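Close look at the chain arrangement
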Amino acid sequence: MRVVAAGVPGVGKTSILEEVAKRANYPIVNFGTLMFEMAKEEGLVEHRDQMRKLPIEIQRDLQKRAAERISGMSDVIVDTHFTIKTPSGYFPGLPRWVLEAMNPEMLVVIEASPEEIYGRRMKDATRDRDVEGVDEINEHLQVNRYSAFACSMYTGATVLILKNNDGQLDRAVERFMEALR
Ligand code: AMP
Ligand code: MG
């Protein structure tokens, strides 16, 4: 099955997927890493968190090329974003051409409370996360849900809303595994 898993930065998507990859025999592809490898090689950025500040047409071009690389894969979970917060507003991570290239059957919206996400971002020194308040995080969570259902209408994919609350990573992984079976 082709699966897209996404959520706001700091929700713990990569942690969940690393655990799912260990338990299931599913290859995980990080969309941002595919984009970053190209962007770095082309001298556009040095850090992955600089990509969302690039001119939109450049982000869109990197996005298209990353989607093409995924289009040939069959069973895969793609770690990505429904929307990316850029200086010019929410940039869709899954516009029509990306959906057509990836053709997902299931969309997983990973969520936690805005307060939990705020706390996790504060603790993660490895990333250059945007400094956002709880209200802004909450808006982004809502925008991602709208976006997931727009993608669902376009592809016919199911939408699984997966909670990753503090101290319950195992439960989230278990629910994800159940959906894959
Ligand atoms: P991540 O490590 O998942 O936070 O992704 C790093 C960066 O990759 C994001 O901040 C975006 O700039 C970019 N990215 C990831 N997925 C997409 C996508 N589907 N469309 C556009 N940009 C993306
Ligand atoms: Mg990640």
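See the structure above.
Sequence order as written defines residue numbering, which begins from 1 separately in each chain. As a convention, the first chain written is A and the first ligand written is 1, with the rest following in written order. Predicted model: local features are reported for residues with pLDDT of at least 70 only, side-chain atom pairs are reported and counted for 80 or more only, and whole-chain, interface and lining totals are derived from all residues. Values reported for side chains reflect all heavy atoms of the structure, with hydrogen atoms and water molecules removed beforehand.

All right, on to the overall build of the chain then. A count of helical and extended segments in the chain gives seven helices and seven strands. Each helix and strand of the chain, ordered N terminal to C terminal, gives the series β-α-β-α-α-β-β-β-α-β-α-α-β-α. Computation of the radius of gyration draws on C-alpha atoms alone. For the globule rule, the value is 2.2 Å times the number of residues to the power 0.38. For 181 residues, the compact-globule estimate of 2.2 N^0.38 gives 16 Å, and the C-alpha radius of gyration of the chain, at 15 Å, lies within 12% of that figure. Counting only C-alpha atoms and orienting by the principal axes, one finds that the chain spans roughly 40 × 40 × 30 Å. For each residue, the accessible area found with a 1.4 Å probe, counting protein chains only, is set against the maximum for its type, and the residue is called buried under 20%, exposed over 50%, and partly exposed in between. Going through the 181 residues of the chain one by one, you find that 47% of them count as buried. Residue pairs in contact within the chain that sit at least 24 positions apart in sequence constitute 77% of those at least 6 positions apart. Taking the 24 positively charged and 28 negatively charged side chains of the chain as two groups, their mean positions are separated by 2 Å. We count a stretch as a helix when DSSP gives it H or I for four or more residues in a row; a strand needs E for two or more, and each element gets its number in order from the N terminus. Note on contacts: a residue pair qualifies if any of its non-hydrogen atoms lie within 4.5 Å across the two residues. When charges are counted, Lys and Arg contribute as positive and Asp and Glu as negative, whereas His and the chain ends are disregarded. Charged side chains are reduced to one point each, which is NZ for Lys, CZ for Arg, CG for Asp and CD for Glu.

Attention now moves to the pattern of salt bridges. Just to be clear on terms, a salt bridge is a Lys or Arg side-chain nitrogen sitting within 4 Å of an Asp or Glu carboxyl oxygen. Under the counting rule described, the total for this entry stands at 16 salt bridges. Between Asp79 and Lys13 there is a salt bridge; the shortest N-O distance is 2.8 Å. Of this pair, Asp79 sits in strand S3 (residues 76–80) while Lys13 sits in helix H1 (residues 13–23), placing them 66 residues apart in sequence. Across the pair, Lys13 and Asp79 agree in class, each one buried.

The next subject is the site of ligand 1. When at least one non-hydrogen atom of a residue lies within 4 Å of a molecule or strand, that residue is treated as near it. Neighbouring ligand 1 are 14 residues, the closest being Lys13, Arg48, Gln63, Thr80 and Gly93. Any pair of nitrogen or oxygen atoms within 3.5 Å is treated as a polar contact; in protein, a donor-acceptor pairing is required on top of that, and neighbouring residues in sequence qualify only through side-chain atoms on both sides. With respect to ligand 1, the side chain of Arg48 contributes an N or O atom lying 2.7 Å from an oxygen atom. One of the side-chain nitrogen or oxygen atoms of Arg127 is found 3.1 Å away from an oxygen atom of ligand 1. Contact with the protein chains removes 97% of the 490 Å² of surface that ligand 1 exposes when unbound. It is helix H2 (residues 31–41) that provides the largest number of residues to the shell around ligand 1, a total of three residues. Surface accessibility in these figures is a Shrake-Rupley result with a 1.4 Å probe; residues are shielded only by whichever protein chains are displayed.

Here we come to unusual backbone geometry. Phi is positive for Asn103, which is not a glycine, with a value near 45°. Residue position: Asn103 is located in the loop between helix H4 (96–102) and strand S6 (106–111).

This part covers the nonpolar core. Counting 29 residues, the largest nonpolar core has Phe31, Met51, Ile70, Phe82, Leu94 and Met102 as its most contacted members. Where this core is concerned, the elements lending two or more residues are strand S1 (2–6), H2, helix H3 (56–71), S3, H4, S6 and helix H6 (134–155). When residues no more than four places from it in sequence are discounted, the contact partners of Met102 are Arg2, Val4, Phe31, Ile70, Val78 and Leu94. We define the nonpolar core as a collection of buried residues of types Ala, Val, Leu, Ile, Met, Phe, Trp, Tyr and Cys that are connected through side-chain atoms lying within 4.5 Å of one another. Listed in part, the 24 residues of the second largest apolar core include Val11, Met106, Leu141 and Leu162.

For H1, the complete set of buried residues consists of Lys13, Ile16, Leu17 and Val20. Each buried residue of H1 lies within a common arc of 95° when the element is viewed along its axis, so the set occupies one face. In this structure, H1 carries Glu18 and Lys22 as exposed residues pointing more than 90 degrees from its buried face. Tucked into the core, H1 has its buried residues touching S1, strand S2 (28–30), S3, S6, strand S7 (158–163) and helix H7 (169–180). Directions pointing from the helix axis toward each C-beta atom define the arc.

This brings us to the pairing of S1. Among the five residues of S1, five are classified as buried, and the element is accordingly described as predominantly covered. Residues Arg2, Val4 and Ala6 of S1 are buried on one face, and the alternating residues Val3 and Ala5, pointing to the opposite face, are buried as well. Across five bridges, the pairing between S1 and S3 is parallel. Counted as the bridge partner of Val3 is Ile77 from S3. Here S1 runs beside S6; their pairing, made up of four bridges, is parallel. Looking across to S6, one finds that Ala6 is bridged to Val109. Each pair of strands is called paired provided DSSP finds at least two bridges between the two strands.

Moving on, we come to the pairing of S3. Burial runs high along S3: five of the five residues are buried. Taking every second residue as pointing to the same face, both faces of S3 are buried, with Val76, Val78 and Thr80 on one and Ile77 and Asp79 on the other. Where S2 lies against S3, three bridges are found, and the strand directions are parallel. Bridge pairing links Val29 to Val78 in S3.

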